[in-house]
Structures are given as structure tokens and as C-alpha cells.
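Single-letter residue listing:
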Amino acid sequence: AAVFGCAAAAFTDYLDGWVARKFNMTTIIGSYLDPLADKIFITMLAIASGYTGILPPAAVALFVLRDAGLIIGSFTLRKKMLGDGKTLDVSQPLQVHPTNLSKINTFLQLLCISGGVLHAAFPVAPPELLLSLVGATCATTVGSGYQYIVGYGTYFKFAESQDSTPGQDVNKEK
């Protein structure tokens, strides 16, 4: 059941992003909440998987530290760009644009956790296969974290319209 839950979460995450882009329904608040929901969901699953021994604790620590760093970094960057006291000022929305590697990383993290749970329940595949998946996931975790650190100004930008409010369609013509 846990594997199907992870698969359903991955599919619905992809589907809601696709629908938002396809029907031009992207919003500033969605650019924050979607990745934040992904981070919370994956972090909880990863911690549980590490605690139960399904995934190596070092990999779980890497996943959690990267995601915590992204959340803290986005607030720090917002404070730096807006100045003191304006971090939560919604009159100047900062839109988040995830990298392609970060999207791949999110998919691999879900696949890694699902694969770990599946392997714990039905150990039919060799454990080296799961360890290879863990290694690939760790590589994309480090790589995408590095992309955000080096190119922070590229992935966090003020919305085109400075009078947009959270929840408002940033692509809508006025």
C-alpha cells in the first residue's frame, strides 16, 4: 500500500503541474506551495525510510539537508532582495522556477523511497539495484543543490507584475 501511495503522490504531483501549465493556471503562491509540499512529503517519507533501515541514513540526511537548505536559502534570498522587514511582504512576490535537474531529483527521490519500501516488502531484486538508485538520487540531490547555489538569481525572480498578489495568475494579461 505504501508503494502505491508513493506512486499516486508522484503521479498527482506531475498531473497538477501539467494541468497548471497546460491551462495557464500557474500562480505565484503555487510556485511556492508545490515545491514546499514536495519537500515536506519527501522529507517525511525519507525520514521514516531511514529510521526503519529501508534507506541508508547518510542518503536520508543528504535529502533532508538539501531540502532544508533550499527552504532557508529562499527566505534568505528573499530577505536580501527585498531588505529587512519585508521577507513576508506579498506585494512583491518572488516566483520560484525549479531546475530540470531538481524535477528529476524529486522524481528519483520518490522512486528511491518507493523502491526501498518495495524491496523491504518483496526482496526480489538484488540490493545493488537499490543502492545504485540511491547513488543516482544522491548525485542529483547534490547536483541540483549546487545549481541553486550557483545560479540563485536565475531560479528566484520577482513576478512580472509587481502588483500581483499570491494566488493571482502571473501570466494573465491585464
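Residues numbered from 1 in each chain as written. Predicted model: local features only at pLDDT ≥ 70, side-chain atom pairs only at ≥ 80, totals over all residues. Heavy atoms only, no water.

*Asks:* Lay out the packing of helix α3 (residues 57-82) against helix α5 (residues 127-150) with the relevant residues and their values.
*Replies:* As a packed pair, α3 and α5 sit with axes 10 Å apart at the nearest point and diverge in direction by 20 degrees. Relative to α5, the element α3 lies roughly parallel. Viewed along their axes, α3 and α5 form a crossing whose handedness is left-handed. Contacts between α3 and α5 involve Ala 59, Leu 62, Phe 63, Arg 66 and Leu 70 on the former and, on the latter, Val 134, Thr 137, Cys 138, Thr 141, Val 142, Ser 144, Gly 145 and Tyr 148. Of the residues that constitute the contact of α3 with α5, the class distribution is eight nonpolar, four polar and one charged. (Axes fitted to C-alpha atoms, helices over the stretch in contact; angles between N-to-C directions. Helix = DSSP H or I, 4+ residues; strand = E, 2+ residues; numbered from the N terminus. Parallel < 35°, antiparallel > 145°, perpendicular 65-115°, else oblique. Left-handed = near helix turned anticlockwise from the far one by under 90°. Contact = heavy atoms within 4.5 Å. Nonpolar A, V, L, I, M, F, W, Y, C, P; charged D, E, K, R; others polar.)

*Asks:* Describe the state of the cysteines, listing the residues and the values that go with them.
*Replies:* Two cysteines whose sulfur atoms are joined by a covalent bond form what is called a disulfide. By the definition in use, this model includes zero disulfides. In this structure Cys 112 is a free cysteine whose sulfur lies 7.1 Å from that of Cys 138, the closest cysteine sulfur available. A relative accessible area of 0% means that Cys 112 is categorised as buried. (Disulfide = S-S within 2.5 Å. Buried < 20%, exposed > 50% of the residue type's maximum accessible area, 1.4 Å probe, protein only.)

*Asks:* Which residues make up unusual backbone geometry, and what values do they have?
*Replies:* The backbone of Asn 24 shows a phi angle near 50 degrees, a positive value even though the residue is not glycine. Position of Asn 24 relative to the elements: it lies in the loop between α1 (2-22) and α2 (28-51). Relative accessible area serves as the criterion here: at 39%, Asn 24 is assigned to the partly exposed category.

*Asks:* Before we move on, could you go through the nonpolar core and cite the residues and values that matter?
*Replies:* Counting residues in each nonpolar core, the largest one holds 15 residues, and the members touching the most others are Leu 55, Phe 63, Ile 113 and Val 134. Listing elements by their share of this core, those giving two or more residues are α2, α3, α4 (100-121) and α5. Apart from residues lying up to four places away in sequence, Leu 55 is in contact with Ser 49, Gly 50, Val 60, Phe 63, Cys 112, Ile 113 and Val 134. (Core = buried A, V, L, I, M, F, W, Y, C linked by side-chain atoms within 4.5 Å.)

*Asks:* Please give an account of the packing of α4 against α5 that cites residues and values.
*Replies:* Taken N-terminus to C-terminus, the directions of α4 and α5 make an angle of 155 degrees; their axes are 9 Å apart at the nearest point. Considering their axes alone, α4 and α5 lie roughly antiparallel with respect to each other. Between α4 and α5 the crossing geometry is left-handed. Contact with α4, carried on its side by Leu 101, Ser 102, Ile 104, Asn 105, Leu 108, Gln 109, Leu 111, Cys 112, Gly 115, Gly 116 and His 119, involves Pro 127, Leu 130, Leu 133, Val 134, Ala 136, Thr 137, Thr 140, Thr 141, Gly 143, Ser 144, Gln 147 and Tyr 148 of α5 and no other residues of that element. Grouping the constituent residues of the contact of α4 with α5 by class yields 11 nonpolar, 12 polar and no charged.

*Asks:* I'd like a rundown of α3, residues and numbers included.
*Replies:* Residues separated by three or four positions in an α-helix point in the same direction, a consequence of the helix having 3.6 residues per turn. Here α3 spans 37 Å end to end across 26 residues, near enough to the 38 Å set by a 1.5 Å rise per residue. Taken residue by residue, α3 has Ala 59, Val 60, Phe 63, Arg 66, Asp 67, Leu 70, Ser 74, Leu 77, Arg 78 and Leu 82 as its buried positions. The first or second residue beyond α3 is Gly 83, which carries a positive phi of 100 degrees. (Expected span 1.5 Å × (residues − 1).)

*Asks:* Which residues make up the pattern of salt bridges, and what are the values?
*Replies:* Across all of its chains, the model carries two salt bridges by this definition. For the salt bridge of Asp 67 with Lys 39, the shortest nitrogen-to-oxygen distance reads 4.0 Å. Residue Asp 67 is found in helix α3, and its partner Lys 39 is found in helix α2; the two are separated by 28 residues along the sequence. This pair shows no difference in class: Asp 67 is buried, exactly as Lys 39 is. Put simply, Asp 67 and Arg 66 hold a salt bridge, and the shortest N to O gap is 2.7 Å. (Salt bridge = Lys/Arg side-chain N within 4 Å of Asp/Glu carboxyl O.)

*Asks:* An account of the packing of aromatic side chains is needed here, citing residue identities and associated values.
*Replies:* For the structure on display, the rule yields one aromatic pair. With a centroid separation of 6.4 Å and 85 degrees between ring planes, the pair formed by Trp 18 and Phe 23 is classed as edge-to-face. With a relative accessible area of 37%, Trp 18 lands in the partly exposed category. According to the relative accessible area criterion, Phe 23 is exposed, its value standing at 51%. (Phe/Tyr/Trp six-rings, centres within 6.5 Å; stacked < 30°, edge-to-face > 60°.)

*Asks:* Which residues make up a nonpolar patch on the surface, and what values go with them?
*Replies:* Together, Ile 29, Tyr 32, Leu 33, Leu 36, Ile 40, Met 44, Ile 47, Ile 71 and Phe 75 line one region of the surface with nonpolar side chains, adding up to about 770 Å² of accessible area. Secondary-structure elements contributing two or more residues to the nonpolar patch are α2 and α3. The element that contributes the greatest number of residues to the nonpolar patch is α2, accounting for seven residues. Inspection of the secondary structure puts Ile 29 in helix α2. (Patch = residues over 30% accessible without salt bridge, like charges linked within 9 Å, V, L, I, M, F, W, Y side chains within 5 Å. Areas by Shrake-Rupley, 256 points an atom, 1.4 Å probe, with all protein chains shown as cover.)

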